[in-house]
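# Residue-level structure breakdown
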Amino acid sequence: MIPRLTAIGGSLAVLATVLMIGTLDLTVGAMRRTISVYALGPYRWVFDSAVLLLAAGSLAILAVLVHRGLARWRSGGAVALVLWSVGLALVVAFPKHDWSVGPSASGSIHRFASMMAFISLPIAMMLLARPWLRHREWAGHARWTFGFGVLSVLAFTPILYAIVMNVVAGTAWWRVFPLGYTERLLVVTEVAALLVVAVWALASTGRRALPRSASRSPVAAA
């Protein structure tokens, strides 16, 4: 019962994030700018709450996967998902540059944390899914998870290209693509990946938990 409630709670936390940020986008209309711009104004509490809910929901979903024997805390996928959540927490703790004042140490940490989170999530999805791609029972969930991990990598590609252009040609990376829309595409893809994993975690609560060794050699456990 507790793992199932945890999986449901994690899923609802992720969905609440979508609702909160989506409401800001529709009402405030700052979609041309990065999502974290909301942290510089009167809506900071909404932004902070939404991002922390996303971090907490992600960890709750991971905890269910570990509890059900689908992952181990020390596995690469679990570590990457923890880094995603840590990155989100740092994004809240250190707001982005307020360019009306000028660059700041907080903004630099914010940028690093954002990149760490965006990169860690697709890695987590692919590593969590990879051992189960041929498993008799969990192959379907694993393939969806892996697929959304790949989609997240593709969604990150425009930002990576913009950064490379900044290094090579000196073009301001936020001018290469409309950064706000590009970031939202990436966030939507990564949140969708999380929800796919949440469905997997929820489905696992209706089955008998796998032995700890199964996450190391799932094909043998099929």
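Structure first, text after, so check above.
Residues numbered from 1 in each chain as written. Predicted model: local features only at pLDDT ≥ 70, side-chain atom pairs only at ≥ 80, totals over all residues. Heavy atoms only, no water.

## Quick notes on the environment of Ala 124
- Its location among the elements puts Ala 124 in helix H4 (residues 105–129).
- Contact partners of Ala 124, with chain neighbours within four places excluded, come to Gly 77, Ala 80 and Leu 81. (Helix = DSSP H or I, 4+ residues; strand = E, 2+ residues; numbered from the N terminus. Contact = heavy atoms within 4.5 Å.)

## Quick word on the packing of aromatic side chains
- If you walk through the whole model with that rule in mind, you get one aromatic pair.
- On the numbers, 6.2 Å between centres and 25° between planes, the contact of Trp 144 with Phe 148 is stacked. On the criterion of helical spacing, the pair formed by Trp 144 and Phe 148 is a turn pair, its members being four residues apart in helix H5 (residues 139–169).
- Among the residues examined, Phe 148 registers a relative accessible area of 18% and is labelled buried. (Phe/Tyr/Trp six-rings, centres within 6.5 Å; stacked < 30°, edge-to-face > 60°. Buried < 20%, exposed > 50% of the residue type's maximum accessible area, 1.4 Å probe, protein only.)

## A word on the packing of H4 against H5
- Interhelical geometry of H4 versus H5 gives an angle of 155° and a closest axis separation of 8 Å. Considering the angle they form, H4 stands roughly antiparallel to H5. As H4 runs across H5, the sense of the crossing is left-handed. For the pair formed by H4 and H5, the contact residues are Met 115, Phe 118, Ile 119, Leu 121, Pro 122, Met 125, Met 126 and Ala 129 on the first element and Ala 142, Thr 145, Phe 146, Gly 149, Val 150, Ser 152, Val 153, Phe 156 and Ile 163 on the second.
- Grouping the amino acids of the contact of H4 with H5 by side-chain chemistry returns 14 nonpolar, three polar and no charged. (Axes fitted to C-alpha atoms, helices over the stretch in contact; angles between N-to-C directions. Parallel < 35°, antiparallel > 145°, perpendicular 65-115°, else oblique. Left-handed = near helix turned anticlockwise from the far one by under 90°. Nonpolar A, V, L, I, M, F, W, Y, C, P; charged D, E, K, R; others polar.)

## Here's the deal with helix H2 (residues 44–67)
- Taking 1.5 Å of rise per residue, the 24 residues of H2 would be expected to cover 34 Å, and the 34 Å separating its terminal C-alpha atoms lies within 8% of that figure.
- Trailing H2 by a residue or two, Gly 69 shows a phi angle of about 85°, which is positive. (Expected span 1.5 Å × (residues − 1).)

## Things to note about the nonpolar core
- One finds Phe 47, Leu 81, Trp 84 and Met 125 to be the most contacted residues of the largest nonpolar core, which totals 48 residues.
- Elements supplying a minimum of two residues to this core: helix H1 (2–28), H2, helix H3 (76–93), H4, H5 and helix H7 (179–204).
- Among the elements that line this core, the one with the most residues is H2, at 11 residues.
- Setting aside chain neighbours within four positions, we find Met 125 in contact with Leu 81, Thr 145, Gly 149, Ala 193 and Val 197.
- Counting residues in each nonpolar core, the second largest holds five residues, with Phe 118, Ala 155, Ile 159 and Leu 186 among its members. (Core = buried A, V, L, I, M, F, W, Y, C linked by side-chain atoms within 4.5 Å.)

## A word on the packing of H1 against H2
- Two elements in contact, H1 and H2, have axes separated by 8 Å at closest approach and are oriented at 155°. Classed by the angle they form, the pair H1 and H2 counts as roughly antiparallel. Crossing of H1 over H2 shows left-handed handedness. When H1 is examined against H2, the residues Pro 3, Thr 6, Ala 7, Gly 10, Ser 11, Ala 13, Val 14, Ala 16, Thr 17, Met 20, Ile 21 and Leu 24 are found in contact with a partner set consisting of Val 46, Phe 47, Ser 49, Ala 50, Leu 53, Leu 54, Gly 57, Ala 60, Ile 61, Val 64 and His 67.

## Concerning the pattern of salt bridges
- Applying the stated criterion across every chain, the model contains two salt bridges.
- Residue Asp 25 pairs with Arg 184 through a salt bridge whose shortest N-O separation is 2.9 Å. Of this pair, Asp 25 sits in helix H1 while Arg 184 sits in helix H7, and the two are 159 residues apart along the sequence.
- Looking at Arg 184, the relative accessible area reads 7%, which means it is buried.
- Of the charged contacts in the structure, one is a salt bridge between Arg 44 and Asp 48, with a shortest N-O distance of 3.1 Å. Taken together, the residues Arg 44 and Asp 48, both in helix H2 and four residues apart, mark about one turn of the helix.
- A relative accessible area of 15% means that Asp 48 is categorised as buried. (Salt bridge = Lys/Arg side-chain N within 4 Å of Asp/Glu carboxyl O.)

## A word on the side chain of Ser 36
- Here Ser 36 lies in the loop between H1 and H2.
- At a separation of 3.2 Å, a polar atom in the side chain of Ser 36 contacts the side chain of His 110.
- Leaving out residues up to four positions away in the same chain, Ser 36 has contacts with Phe 47, Lys 96 and His 110. (Polar contact = N/O pair within 3.5 Å; in protein donor to acceptor, adjacent residues only side chain to side chain.)

## Re a nonpolar patch on the surface
- Together, Met 1, Leu 5, Ile 8, Leu 12 and Leu 15 give the surface a local cluster of nonpolar side chains, amounting to about 530 Å² of exposed area.
- Mapping Ile 8 onto the fold places it in helix H1. (Patch = residues over 30% accessible without salt bridge, like charges linked within 9 Å, V, L, I, M, F, W, Y side chains within 5 Å. Areas by Shrake-Rupley, 256 points an atom, 1.4 Å probe, with all protein chains shown as cover.)

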